[in-house]
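Each chain is listed here by its residues.
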Amino acid sequence: LMQERGKDSGSLLEAIRLLEALLAKPVPAPAQQAEALYLKAETFGRIGQGQALLPLYARVIRDYPDSTWADQSVARVLARSQTAAGKKYEDQAQALLLVSEQYRSELPKLALGALNRAGDVYFGADEWVKAKDAYRQTLDAREGTRAATQTAAARMALAEILYREERFHQALDLYETE
């Protein structure tokens, strides 16, 4: 839709109007509604209205947790948090841990995604102990959440570290779980 309409501000505002019209329809299909909310957030981001992003992404994550759009919304929120924290890995990890803590009860899928991303940041900085801790926190906190993507990612990342540490049995157990 946005590519068909162009990238100037008038076209983007028209895209938002069309997305709002779709969302106003009586009970659009859940997949359509999730996609429309996600695209609306993306469009607001393109016109520089960053304050509108988090509520829209949060709604996708909360209302459609099993959708691809929820996973993409999690990725966008975490990328923005990481970018805002600066270039130092310690600052990025701290920002992600703060997101995890802040949304632990309200948006557990986002909270677990933030723990995973913090683990990834630590892993990239060769801080394997901290990375393992972040991934284990994801696995420990997953009960009662609808966060299969985050759980699988944590399991695979932790198994990779254990494999590199030559803890083959533990790594294999994680690979074979679920």
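Before any of the text, the structure's been laid out above.
Residues numbered from 1 in each chain as written. Predicted model: local features only at pLDDT ≥ 70, side-chain atom pairs only at ≥ 80, totals over all residues. Heavy atoms only, no water.

### Brief notes about the environment of Trp69
Next, step 1: Considering the arrangement of structural elements, one finds Trp69 in helix H5 (residues 68–85).
Next, step 2: Between the alpha carbons of Trp69 and Tyr38 there is a distance of 6.5 Å; along the sequence they are 31 residues apart.
Next, step 3: Those residues in contact with Trp69 that sit more than four places away from it in its chain are Ala31, Ala34, Glu35, Tyr38 and Val60. (Helix = DSSP H or I, 4+ residues; strand = E, 2+ residues; numbered from the N terminus. Contact = heavy atoms within 4.5 Å.)

### Notes on the nonpolar core
Next, step 1: Core analysis: the largest hydrophobic core is formed by 38 residues, its most contacted members being Leu78, Leu110 and Tyr135.
Next, step 2: Contributions of two or more residues to this core are made by helix H3 (30–46), helix H4 (53–63), H5, helix H6 (89–102), helix H7 (108–124), helix H8 (128–141), helix H9 (148–164) and helix H10 (168–176).
Next, step 3: Residues in contact with Leu78, not counting those within four places in the same chain, are Leu96, Val99, Leu110, Gly113, Ala114 and Arg117. (Core = buried A, V, L, I, M, F, W, Y, C linked by side-chain atoms within 4.5 Å. Buried < 20%, exposed > 50% of the residue type's maximum accessible area, 1.4 Å probe, protein only.)

### A closer look at the packing of aromatic side chains
Next, step 1: The tally for this structure, following the rule as stated, stands at 4 aromatic pairs.
Next, step 2: Plain terms: the ring middles of Tyr38 and Tyr57 are 5.9 Å apart, the flat faces sit at 50° to each other, and that makes the pair tilted. Of this pair, Tyr38 sits in helix H3 while Tyr57 sits in helix H4, and the two are 19 residues apart along the sequence. By the burial criterion, Tyr38 is buried, and Tyr57 matches it.
Next, step 3: For the ring pair Phe123 and Trp128, a centre distance of 5.9 Å and an interplane angle of 10° mean the geometry is stacked.
Next, step 4: These aromatic residues form a ring-pair network of at least three members: Tyr38, Tyr57 and Trp69. (Phe/Tyr/Trp six-rings, centres within 6.5 Å; stacked < 30°, edge-to-face > 60°.)

### Quick look at the packing of H7 against H9
Next, step 1: It is at 9 Å that the axes of H7 and H9 come closest, and there the two elements cross at 20°. As far as their axial angle goes, H9 and H7 are roughly parallel. Every pair of crossing elements has a handedness; the one defined by H7 and H9 is left-handed. Only Gln150, Ala153, Ala154, Ile161 and Arg164 of H9 make contact with H7, whose side of the interface consists of Lys109, Leu112, Gly113, Asn116 and Phe123.
Next, step 2: Its residues assigned to classes, the contact of H7 with H9 comprises 5 nonpolar, 3 polar and 2 charged. (Axes fitted to C-alpha atoms, helices over the stretch in contact; angles between N-to-C directions. Parallel < 35°, antiparallel > 145°, perpendicular 65-115°, else oblique. Left-handed = near helix turned anticlockwise from the far one by under 90°. Nonpolar A, V, L, I, M, F, W, Y, C, P; charged D, E, K, R; others polar.)

### Here we look at a nonpolar patch on the surface
Next, step 1: Where nonpolar side chains cluster on the molecular surface, the patch consists of Met156, Tyr163, Phe168, Leu172 and Tyr175 and spans about 500 Å² of accessible area.
Next, step 2: Of all the secondary structure elements, the ones that give two or more residues to the nonpolar patch are H9 and H10.
Next, step 3: The dominant element in the nonpolar patch, judged by the number of residues it contributes, is H10, at 3 residues.
Next, step 4: Mapping Tyr175 onto the fold places it in helix H10.
Next, step 5: Judged by its relative accessible area of 38%, Tyr175 falls in the partly exposed class. (Patch = residues over 30% accessible without salt bridge, like charges linked within 9 Å, V, L, I, M, F, W, Y side chains within 5 Å. Areas by Shrake-Rupley, 256 points an atom, 1.4 Å probe, with all protein chains shown as cover. Salt bridge = Lys/Arg side-chain N within 4 Å of Asp/Glu carboxyl O.)

### Overview of H9
Next, step 1: Along its 17 residues, H9 runs 24 Å from first to last C-alpha, staying within 8% of the 24 Å computed at 1.5 Å per residue.
Next, step 2: Burial in H9 covers these residues: Gln150, Thr151, Ala154, Arg155, Ala157, Leu158, Ala159, Ile161 and Leu162.
Next, step 3: As for H9, its buried residues are in contact with H5, H7, H8 and H10. (Expected span 1.5 Å × (residues − 1).)

### What about the environment of Arg80?
Next, step 1: Here Arg80 is to be found in helix H5.
Next, step 2: Its relative accessible area of 46% is what places Arg80 among the partly exposed residues.
Next, step 3: For Arg80 and Leu54, which are 26 residues apart along the polypeptide, the C-alpha to C-alpha distance reads 9.8 Å.
Next, step 4: Excluding its chain neighbours within four sequence positions, the residues that come into contact with Arg80 are Gly50 and Leu53.

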